[in-house]
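Observations on the model geometry
Chain residues, written in single-letter form:
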2 protein chains.
Amino acid sequence: MPPGDTAQDKPAETCVLALSGGVGGAKLALGLDRILPAGALHVLVNTGDDFQHLGLHISPDIDTLLYTLSDRANPEQGWGLAGETWQVMAALEALGGETWFQLGDSDLATHLWRSSQLLAGVDLISVTRELASRMGVHSHVHPMSAQPVRTTVHCAEGDLPFQHYFVRRRCQPRVHGFSFAGLDQAQANPDVMALLAGKELSHIVVCPSNPYVSIDPILKLPGMWQALRDHPAPVILVSPIIQGAAIKGPAAKMMAELQVPVTAAGVARHYADNYPGLVDYFLLDHADATLAQEVEAVGLRPHTARTLMHDIYDKTQLAKTCLALESP
Amino acid sequence: MPPGDTAQDKPAETCVLALSGGVGGAKLALGLDRILPAGALHVLVNTGDDFQHLGLHISPDIDTLLYTLSDRANPEQGWGLAGETWQVMAALEALGGETWFQLGDSDLATHLWRSSQLLAGVDLISVTRELASRMGVHSHVHPMSAQPVRTTVHCAEGDLPFQHYFVRRRCQPRVHGFSFAGLDQAQANPDVMALLAGKELSHIVVCPSNPYVSIDPILKLPGMWQALRDHPAPVILVSPIIQGAAIKGPAAKMMAELQVPVTAAGVARHYADNYPGLVDYFLLDHADATLAQEVEAVGLRPHTARTLMHDIYDKTQLAKTCLALESP
């Protein structure tokens, strides 16, 4: 990593890989997108949340990235599109159809386009590349795999497909584990594996996404976490837990139910135990500075920073903080 | 047929079967629906126009019947729903997706519901029955078959799938024939075949739909036209051509290109030649009264009436005219 922290200061060949789930991760991905030259950011996105619904293929995390990076995300609800309308859902409700997964009209156009392309035999990686291009996204958005991997949430009341747990049941069921159907048959995105085999990457950033249902599915793809670990670029992980709470989503609730300490240190232990040698820097919020020793105790290198992201300034600042770190 | 021509005068067990394509046929079906007791009308609908588009199963003629009979059809454009919005199409256009087949937002809800049911393994007949019920349609709307039959239009420039000819190319290519893929493997709707095997039907009405692409696909289903011919109820066919023109759609243009006289008598000959003994009454508009002899010459029994339908009064009057006819 050369000195300086703005896009202009970086050599053109520098590029950055970010791993992301949905809303939380997309915030930092947006920060990175905004400070890097066009095309220098690669985002590797969880597709374990993908599902078939109303006959359509829905990729919630990919769409959150596409909508966020094309500046069209809904800033209030944190998902979906700004200025969205809901005519189709209203008509579907009148028909007595399933409306627990709310699909806005413009969002539906994305699903229709993607689904028809997949039906025509185009793979999810190419479809996503084309969608990003049509939406004017300059960063590369990579689905973690072209093959289906589907997250199941093991709950006290039985197993639930991810979206049924997350949206339909609003994360209410008590969780005791996760599984990822199709993981063994899936191939890690070959474009990203090729990137990891080369030397262009200056940094690998694991965005503040849910460890269990956003980042684990990516890292558990055959060969993936080892390829990340073996690349010379530093791997910088931003804690999704600040002061014992998740900024977005069920991470803290899941940790409590899994009887893991609901702290940034609990997150650090998860990565240290499951992916030894992967993480070079574990970013904690200043508010959690007292946990730095615990993070060190599990074998990770703590780095405190402002990790809470409210606005675009926070997002670009945290991105700059990440890219200022060099391989230890 | 007992004397009298209103619903109240008919015995409860009377029922009527109408064959219909889209907009033209739906007008008379609506007239019949309004004068018959709830549940007494069965409409057998062409599905040769059905197609897969944007990953969805679209049944244009069935939907025209459902929307018309539930009083929600768009009265100006003759297809689609009244008060429709177009948010999804606008977003799809912005994505560079296919928008030549315009799908309104509320209409899309129908296609999503139908497609997801079909994907779940429910057959088109049951899906249609359930849709009709959810839309508050009292008449029975029967797809001609649960199996796919797909109309191909043979044009001077090559073969076109029906919707590509009809919507995408706006019926511009010159036509020299038609074929119906899947016809031999398709089974005529068993509910309608059971009705034809029974004695409840008092009248069979062939609505003023396109002979080639709306009624032929129905009649050519294995065993269908013979079952209609053999049933004791009179078969009353209403000419879709009045004074040498089709009220709606490409029937007149097709007849000219097929070098058939573009008159009601030309229509009569098509049915007399292809389905001998099927039609008991051939209804001509008063304006075409001079063609009655030509109709007789091809072997059909002409009956003149006002067949032009502008408003609900015209529709119910024509329906009453049909039901006042008794087996010759």
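Preceding this paragraph is the structure being described.
Before going into details, it helps to say that this report is about the structure given with it. Since the structure is predicted, the reported quantities are computational estimates derived from the model, not experimental observations.

About the thresholds
- Residues numbered from 1 in each chain as written.
- Chains lettered and ligands numbered in written order.
- Predicted model: local features only at pLDDT ≥ 70, side-chain atom pairs only at ≥ 80, totals over all residues.
- Heavy atoms only, no water.
- Helix = DSSP H or I, 4+ residues; strand = E, 2+ residues; numbered from the N terminus.
- Rg over C-alpha atoms; globule rule 2.2 N^0.38 Å.
- Buried < 20%, exposed > 50% of the residue type's maximum accessible area, 1.4 Å probe, protein only.
- Contact = heavy atoms within 4.5 Å.
- Lys, Arg positive; Asp, Glu negative; His and termini not counted.
- Charge placed at Lys NZ, Arg CZ, Asp CG, Glu CD.
- Least-squares fit on C-alpha atoms with pLDDT ≥ 70 in both.
- Pairing = 2+ DSSP bridges.
- Axes fitted to C-alpha atoms, helices over the stretch in contact; angles between N-to-C directions.
- Buried area = accessible area lost by both parts, 1.4 Å probe.
- Polar contact = N/O pair within 3.5 Å; in protein donor to acceptor, adjacent residues only side chain to side chain.
- Salt bridge = Lys/Arg side-chain N within 4 Å of Asp/Glu carboxyl O.
- Disulfide = S-S within 2.5 Å.
- Phe/Tyr/Trp six-rings, centres within 6.5 Å; stacked < 30°, edge-to-face > 60°.
- Lys NZ or Arg CZ within 6 Å of the ring centre and 35° of its normal.
- Expected span 1.5 Å × (residues − 1).
- Right-handed = clockwise from strand over helix to strand, strands pointing away.

**A look at the overall build of chain A**
- Of regular secondary structure, chain A possesses 13 helices and 14 strands.
- Over its C-alpha atoms chain A spans a radius of gyration of 19 Å, differing by no more than 12% from the 20 Å that the globule rule assigns to 328 residues.
- Along the three orthogonal principal directions, the C-alpha set of chain A runs to about 60 × 45 × 40 Å.
- The 328 residues of chain A split such that 57% are buried.
- Residue pairs at least 24 apart in sequence account for 71% of intrachain contacts in chain A once pairs closer than 6 positions are excluded.
- Taken together, the 22 basic and 34 acidic charged side chains of chain A have centroids lying 2 Å from each other.

**A word on the relation of the copies chain B and chain A**
- Once chain B is rotated about the relating axis by 180° and shifted along it by 0.0 Å, it coincides with chain A to within an RMSD of 0.0 Å. Both chain copies can therefore be described as sitting about a two-fold axis.
- Taken together, the interface assignments show that 100% of the residues at the interface of chain B recur at the interface of chain A, consistent with an identical surface on both copies.

**Things to note about the sheet that holds strand E6 (residues 150-155) of chain A**
Residues and elements named next belong to chain A.
- With antiparallel pairing, three strands are arranged side by side in an open sheet as E7-E6-E8. Pairing within the sheet leaves two strands with one partner each, and these edge strands are strand E7 (158-161) and strand E8 (175-181). The sheet shows a mean angle of 25° between the axes of neighbouring strands, taken without regard to direction.
- As paired elements, E6 and E7 share four bridges and run antiparallel to each other. Within E7, the residue paired with Thr-152 across the bridge is Pro-161.

**Digging into the sheet that holds strand E9 (residues 201-206) of chain A**
Residues and elements named next belong to chain A.
- Taking strand neighbours across the sheet as the criterion, the seven strands line up as E5-E2-E1-E9-E10-E13-E14 in an open arrangement whose pairing is parallel. The sheet is open, and its two edges are formed by strand E5 (140-143) and strand E14 (302-305), each paired on a single side. Here the average twist between neighbouring strands, direction ignored, is 25°.
- Across four bridges, the pairing between strand E13 (residues 281-285) and E14 is parallel. Residue pairing across strands places Asp-285 opposite Ala-305, the latter belonging to E14.
- Along the sheet, helix H1 (residues 23-35) makes contact with strand E1 (15-20), strand E2 (41-45), E9 and strand E10 (235-238), crossing E2 at roughly 165°.

**A closer look at the interface of chain B and chain A**
- If you look at the interface, chain B gives 23 residues, while chain A gives 23 residues.
- Counting the surface chain B buries against chain A, the share from its top three residues, Leu-54, Leu-95 and Leu-112 of chain B, is 30%.
- For the interface between chain B and chain A, the tally reads four residue pairs in polar contact (both at pLDDT 80 or more).
- Sorting the residues of the side of chain B that touches chain A by element identifies helix H3 (87-94), helix H4 (105-119) and helix H5 (124-134) of chain B as the ones contributing at least two each.
- Among the elements that make up the side of chain B that touches chain A, the one with the highest residue count is H4 of chain B (nine residues).

**Overview of the pattern of salt bridges**
All names here are of chain A.
- This structure, assessed with the given rule, holds 20 salt bridges over all chains.
- One salt bridge connects Arg-34 with Asp-33, and the closest N-O pair in it is separated by 2.2 Å.
- A relative accessible area of 35% means that Arg-34 is categorised as partly exposed.
- For Asp-33, a relative accessible area of 13% translates into the label buried.
- Salt bridges linked by common partners bring Asp-33, Arg-34 and Asp-71 together as one network.

**As for the state of the cysteines**
Residue and element names in this part refer to chain A.
- Throughout the structure, instances matching the rule amount to zero disulfides over all chains.
- The structure places no disulfide on Cys-155, whose sulfur is separated from the nearest cysteine sulfur, that of Cys-171, by 9.5 Å.
- According to the relative accessible area criterion, Cys-155 is buried, its value standing at 2%.
- The structure places no disulfide on Cys-207, whose sulfur is separated from the nearest cysteine sulfur, that of Cys-322, by 7.8 Å.

**Things to note about the side chain of Ser-115 of chain A**
- Relative to the elements of secondary structure, Ser-115 of chain A occurs in helix H4 (residues 105-119).
- Ignoring anything within four residues of it in the chain, the contact list for Ser-115 of chain A reads Leu-56 and His-57 of chain A.

**Structural notes on the packing of aromatic side chains**
Residue and element names in this part refer to chain A.
- Counted according to the given criterion, the structure contains 15 aromatic pairs over all chains.
- Here the aromatic rings of Phe-51 and Phe-101 are separated by 4.8 Å at their centres, their planes lie at 65°, and the arrangement is edge-to-face. Here Phe-101 lies in the loop between helix H3 (87-94) and H4 and Phe-51 lies in strand E3 (residues 51-53), a separation of 50 residues in the sequence. No difference in accessibility class separates Phe-51 from Phe-101, as the two residues are buried.
- Ring plane angle 15° and centroid distance 5.5 Å describe the contact between Phe-178 and Tyr-212, whose orientation is recorded as stacked. Separated by 34 residues along the polypeptide, Phe-178 in strand E8 and Tyr-212 in helix H8 (residues 211-219) bring together distant segments of the chain.
- The class of Tyr-212 is buried, set by a relative accessible area of 6%.
- Looking at Arg-301, its charged tip hangs above the ring of Tyr-281, at a distance of 5.7 Å from the centre.

**Some details on H4 of chain B**
Residues and elements named next belong to chain B.
- Compared with an ideal rise of 1.5 Å per residue, which puts 15 residues at 21 Å, H4 spans 21 Å between its outermost C-alpha atoms and is within 8% of the ideal.
- Of all 15 residues that make up H4, eleven are buried, and the element is covered over most of its length.
- When H4 is considered as a whole, its buried residues turn out to be Asp-105, Asp-107, Leu-108, Ala-109, Thr-110, His-111, Leu-112, Trp-113, Arg-114, Ser-115 and Ser-116.
- Note on H4: the residue one or two positions beyond its end, Gly-121, has a positive phi of about 100°.

**Some details on the side chain of Ser-116 of chain A**
- Its place among the elements puts Ser-116 of chain A in helix H4.
- Polar side-chain contacts of Ser-116 of chain A include one of 3.0 Å to the backbone oxygen of Trp-113 of chain A.
- The contact partners of Ser-116 of chain A, leaving out residues within four places of it in the chain, are Leu-54 and Gly-55 of chain B.

**Quick look at the pairing of E1 of chain A**
Residue and element names in this part refer to chain A.
- For E1, the buried fraction is high: six of the six residues fall into the buried class.
- Residues Cys-15, Leu-17 and Leu-19 line one face of E1 and the alternating positions Val-16, Ala-18 and Ser-20 line the opposite face, and both faces are buried.
- The pairing of E1 with E2 spans five bridges and is parallel. Bridge pairing in E2 places Ala-18 opposite Val-43.
- Between the parallel pair E1 and E2, the chain is carried across by H1, and the sense of this crossover is right-handed.

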